[in-house]
Amino acid sequence: MMSGRSGDDAPGRRIGSSTAATMSTTPSERRRSLSLRSLLICVNVILAAIFITTLFSGIRLTKNYEGAYKDNNARVFRNILDESISAGTRGGSSSSGGHIITTLENDLKQEKEKTKKLEETIATLMQQQGAAQNSAAETDSSSSNSFQQQLLESYKKQINQNHNSKNKQDLCSILLPKPTPTTLSLWSHHMPNILNATKHWSDRESFQFHDFTALLLHFVSPDRLQRSVKTLPLDWTPVERSLNVIQRRLHFLQSEMERYRQMNHLQPKDDIPLEAMKKINEDPKAPRKLNLLIMGGSVTMGVVCHINPVNAKGPNRRDGAWPARLNHFLINLFHGMELINLQTMALGGTNTETAITMWDYSLLAGDIPYPDILINAYATNDMHWNSMQDAIARNQTLEQSLYKLSQEFIRMVMTPKKSCRHAPPMLLYLDDYLGNEQNEVLTTLASSQTINLMSSYYGIGSISYADAVRDIVYGDTKEWWLSSQWYEGGKYIRGVHPHMGTHIAMSWVVAFNLFNLVTTYCSLPEIETQSATDTIRRLHAGTERNNKGEWDYGYQSINGLPPLKAAKKLGGGPREKPRGIPPPLTRDLSLEHISDEWREDSVENAPLWKTIPECLAEGHFDDAIDHDSLPKPCLFSWVVNMERFLDKPKGLNNKLKPYLTSNSGWSAEADNNKLGWVPSSGLGSKFTLEFKKVAQPVHMMTWMIMRSYGEKWDGSKLKVEAWSGEKLLARDEIVGFHDKKTSETYNIKMKLFDQESDSIGIPPGSDLKVTFELVGGTTFKISGMAICDH
């Protein structure tokens, strides 16, 4: 079989063609020579086959060395074949068997040396391939295990590099690479971290909601989260201030964490114990946290947020609501560092109309600081059946009511409360409405359309959870993971409150949008400033630029733009944009007059709209360090469930006690988990509040009352009178019942007026007495009060 194979190969034919040279030898010598030749050919062929197999295996082992060795290996292979052929030729022309044996031995020796070299090369390749695989595995493991650690290590590295540098820095240049990656990219490449950071603190040990959370991540995919980004802010100054706050605190916490690790001989990747981390977060020397305030209704409170497909023991109400989950998520994502002070002002049955009153009168609880970021999460309650009835009572459509309330709230929040010390917070609108308060699909989009219109006109950020998952819900309206439950026992029902899945997904949507604000801002070009701060500023619509007092169109030769030749002043370009917010968007606002109206308002309120450099130049300290306390326009105010101790009857009793001079039958009660001040003795129950020598003028009183339905509430009516000495300043009878099959909160305003002096309200130093008496029905409920200067 071997001789037959050699007769078919080229080397075999060459050996066969040398018979003329071998005729002079004896038959035995010829047989011996042919036998040796055949042996040489077989050895060469086997070696060549082994080498070819080994060569291609080595090539497959690594792509890194493919190009480097490809041509070389090919030459080696050709040389081996050529030398094999030459060896065969030399053996065929030899006249001596000894010479043939010697040649064969030399060839075999050479082949062994070449084979050894090849084996060494292959071993080197395999070692390098293994090292590359181990490196890749370590990289993947590091990415999977700790995205947070990568961020912190990057931050630490940049801090060390820039510690002695005089160059200005900001969080963007310290923490993120250039070009800045998108939030979509970061989120997509760190899904294991997202999953782990979502784990609720009460589920820390077993993670029994692991599969449910993973399935939700599958549905609420990164591309859907990108769809939730609706509008971005026009002025990025609030984002700049927010990042300055986070940078200061992050630098302090990172330094303290590093010091703790050194003292306790921990490695950089070792976790710090929870108790130690708590002390670091609560260090009084630490710079303040970023203040994030979320205002909303019962969805924001977390009503029925415990319902899930896993078990019946999910966290309920505030612990399981999406704001609490968002807070846990951010802390988990950043290795226990508390960078954000997240506060919630949520009360069932309230909507944007209530939010207007609370913001106007600064009815923030004592432990809630002035926010850097404010999220309006009233979309569901703004679309509530009660809101529809309120609009009808005012002879408005639901759309008109939404339009009016949204605009009033936006203008109130975006107007500074105090120049240089209370710049407007970064306002974000969250569209969380994916309910069935209305059955017509087009009508359900009224809130979404209003939010988009107002956000675009006023240049604020807006987020839509609804748009992220709307197609999934509409594709199967019987699902209840991502919306409220619309079917019960096969029957279509009204469903207001979503379940656990929505709250988990909502926390992702808001987190994604907050991260998107950061990565978008960090992608903006850097600008040079004369600011006294040590941080970089970036070019955006809120950055003003004047050249020696003359408007130069704000042009800067940065980011690849060339310096202007300035050969001729080019006219017809836009003037410097007026400061402040644009005029109210009404049917009468015309294109012809909008510029003039805006500029007139900007000049009239110029002190309110000072920039960060202007405020620093006047000696005001950076509000990224701290805020002044909010100006309090109210002499006395409270709202149930909005303050830490106003969620139980004892807290409400303590709030009223200093001013309660008489009480006959009123007490604090929490029936149906709804706290309020109620007439427990029924009809005729009275109480009086007195305020001696008031320290500020009082012009208006606002009562937040609950109206309800049924026999218990039938005919409910409260008489309220306000007196200053012997002067009656206001009187009203407030109805406490309605025909709606639900309970809701109303704001009742009473203006104080002195008829004798024909003046509004009372001046400082006056006395004020307010009396309350139940004159109809058997019950009533007061859930808030505000006695204020306007």
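Whatever comes next refers back to the structure up there.
Residues numbered from 1 in each chain as written. Predicted model: local features only at pLDDT ≥ 70, side-chain atom pairs only at ≥ 80, totals over all residues. Heavy atoms only, no water.

K.L.:
Which residues make up the overall build of the protein chain, and what values do they have?
P.N.:
A count of helical and extended segments in the protein chain gives 28 helices and 25 strands. Going through the 790 residues of the protein chain one by one, you find that 47% of them count as buried. Total accessible area computed for the protein chain in this model is approximately 40000 Å², and 53% of it derives from carbon and sulfur atoms. (Helix = DSSP H or I, 4+ residues; strand = E, 2+ residues; numbered from the N terminus. Buried < 20%, exposed > 50% of the residue type's maximum accessible area, 1.4 Å probe, protein only. Areas by Shrake-Rupley, 256 points an atom, 1.4 Å probe, with all protein chains shown as cover.)

K.L.:
Go over the sheet that holds strand β24 (residues 768-776) with me, naming the residues and quoting the values.
P.N.:
With antiparallel pairing, 5 strands are arranged side by side in an open sheet as β14-β17-β24-β19-β20. Each of the sheet's edge strands pairs with one partner strand only, and the pair in question is β14 (660-664) and β20 (727-735). When strand polarity is set aside, the average angle formed by the axes of neighbouring strands in this sheet is 10 degrees. (Pairing = 2+ DSSP bridges. Axes fitted to C-alpha atoms, helices over the stretch in contact; angles between N-to-C directions.)

K.L.:
So, the environment of tyrosine 260: which residues are in play, and what are the values?
P.N.:
Inspection of the secondary structure puts tyrosine 260 in helix α13 (residues 237-263). Looking at tyrosine 260, the relative accessible area reads 22%, which means it is partly exposed. Linking tyrosine 260 and alanine 276, residues 16 residues apart in sequence, is a C-alpha distance of 8.4 Å.

K.L.:
Provide a residue-level description of the pattern of salt bridges, including the pertinent values.
P.N.:
Taken as a whole and assessed by the stated rule, the structure comprises 18 salt bridges. The residue glutamate 526 makes a salt bridge to lysine 178 at a minimum N-O spacing of 3.1 Å. One end of the pair, glutamate 526, is in strand β9 (residues 526-527); the other, lysine 178, is in the loop between α8 (171-175) and α9 (183-188), with 348 residues separating them in the sequence. Classification of glutamate 526 by relative accessible area gives partly exposed; the value is 30%. Here lysine 178 falls in the exposed class, since its relative accessible area comes to 63%. When salt bridges that share partners are traced, they join Lys178, Glu526 and Arg538 into one network. (Salt bridge = Lys/Arg side-chain N within 4 Å of Asp/Glu carboxyl O.)

K.L.:
Please give an account of helix α14 (residues 274-281) that cites residues and values.
P.N.:
Looking only at α14, the buried set comprises Ala276, Met277, Ile280 and Asn281. The buried residues of α14 all sit within an arc of 140 degrees when viewed along its axis, so they share a single face. Seen from the open side of α14, the exposed residues pointing more than 90 degrees away from its buried face are Glu275 and Lys279. Buried residues belonging to α14 abut α13. (Arc of directions from axis to C-beta. Contact = heavy atoms within 4.5 Å.)

K.L.:
Requested: an account of the side chain of glutamate 256, with residues and values cited.
P.N.:
Position of glutamate 256 relative to the elements: it lies in helix α13. Setting aside residues up to four positions removed in sequence, glutamate 256 forms contacts with Ile280 and Asp283.

K.L.:
Go over the nonpolar core with me, naming the residues and quoting the values.
P.N.:
Trp703, Leu768, Phe772, Ile782 and Met785 are the most contacted members of the largest nonpolar core, which has 79 residues in total. The greatest single-element share of this core, amounting to 7 residues, is contributed by helix α21 (residues 398-414). Non-local contacts of tryptophan 703, meaning those with residues more than four positions away in its chain, are made with Val720, Ile734, Tyr746, Asn747, Ile748, Met750, Val770, Phe772, Gly784, Met785 and Ile787. Grouped together as the second largest cluster of nonpolar side chains are 74 residues, Ala276, Ala468, Ile472 and Phe512 included. (Core = buried A, V, L, I, M, F, W, Y, C linked by side-chain atoms within 4.5 Å.)

K.L.:
So what's going on with the pairing of strand β17 (residues 686-691)? Residues and values would help.
P.N.:
Pairing analysis gives 4 bridges linking β14 to β17, with the strands arranged antiparallel. Its bridge partner being in β17, asparagine 663 is matched across the sheet by phenylalanine 687. In this sheet, β24 lies alongside β17 in antiparallel orientation, the contact comprising 6 bridges. By the bridge assignment for β24, phenylalanine 691 is matched with leucine 768.

K.L.:
Which residues make up the side chain of threonine 180, and what are the values?
P.N.:
Summarising the element assignment, threonine 180 is placed in the loop between α8 and α9. Setting aside anything within four residues of it in sequence, one finds threonine 180 in contact with Thr519, Cys522 and Ser523.

K.L.:
Describe in detail the packing of helix α18 (residues 352-360) against α21, supporting the description with residues and values.
P.N.:
Packed helix pairs are specified by the crossing angle of their axes together with the interaxial distance, meaning the distance between the axes. At their nearest, the axes of α18 and α21 sit 9 Å apart, and the two run at 20 degrees to each other. Here α18 is positioned roughly parallel relative to α21, judged by the angle of their axes. By crossing handedness, the relation of α18 to α21 is classed as left-handed. Contacts between α18 and α21 pair Thr352, Glu353, Ala355, Ile356, Trp359 and Asp360 from the former with Leu405, Glu408, Phe409, Met412 and Val413 from the latter. For the contact of α18 with α21, a count of residues per class yields 7 nonpolar, 1 polar and 3 charged. (Parallel < 35°, antiparallel > 145°, perpendicular 65-115°, else oblique. Left-handed = near helix turned anticlockwise from the far one by under 90°. Nonpolar A, V, L, I, M, F, W, Y, C, P; charged D, E, K, R; others polar.)

K.L.:
Give me the pairing of strand β15 (residues 666-671): which residues, what numbers.
P.N.:
Two strands pair when backbone bridges link them, and β15 and strand β16 (residues 674-679) are joined in this way by 6 bridges, in the antiparallel orientation. Among the inter-strand pairings, serine 667 is bridged to a residue of β16, identified as valine 678. Joining the antiparallel neighbours β15 and β16 is a turn of 2 residues, in which asparagine 672 adopts a positive phi near 55 degrees.

K.L.:
Tell me what's going on with the sheet that holds strand β4 (residues 373-377), and back it up with residues and numbers.
P.N.:
Reading across from one edge, β1-β6-β5-β4-β2-β3 is the order of the 6 strands in this open sheet, with mixed pairing throughout. Bordering the open sheet on either side are β1 (229-231) and β3 (340-346), each of which pairs with just one other strand. Each strand axis lies, on average, 25 degrees off the axis of its neighbour in the sheet, ignoring direction. Alignment of β4 against strand β5 (residues 426-431), held across 4 bridges, turns out to be parallel. Bridge pairing in β5 places isoleucine 375 opposite leucine 428.

K.L.:
Describe the environment of aspartate 170, listing the residues and the values that go with them.
P.N.:
With respect to the helices and strands, the residue aspartate 170 is situated in the loop between α7 (147-162) and α8. Sequence separation of aspartate 170 and glutamine 247 is 77 residues, and the distance between their C-alpha atoms is 7.3 Å. Excluding residues within four positions of it along the chain, aspartate 170 makes contact with Gln247, Tyr521, Ile536 and Arg538.

K.L.:
Tell me about the environment of valine 220, and please be specific about residues and values.
P.N.:
Mapped onto the fold, valine 220 is located in the loop between α11 (210-219) and α12 (222-227). Once residues within four sequence positions are removed from consideration, valine 220 is found in contact with Leu225, Val469, Leu482, Ala505 and Trp508.

K.L.:
With reference to specific residues and values, describe unusual backbone geometry.
P.N.:
In this structure, proline 179 follows lysine 178 across a cis peptide bond, with omega equal to -5 degrees. With respect to the helices and strands, proline 179 occurs in the loop between α8 and α9. Non-glycine residue histidine 265 carries a positive phi angle of around 55 degrees. You can see histidine 265 is positioned in the loop between α13 and α14. Judged by its relative accessible area of 71%, histidine 265 is exposed. A positive phi is found at aspartate 758, a non-glycine position, where the angle reads about 55 degrees. Mapped onto the elements of the fold, aspartate 758 is located in the loop between β22 (753-754) and β23 (759-760). Here aspartate 758 falls in the exposed class, since its relative accessible area comes to 59%.

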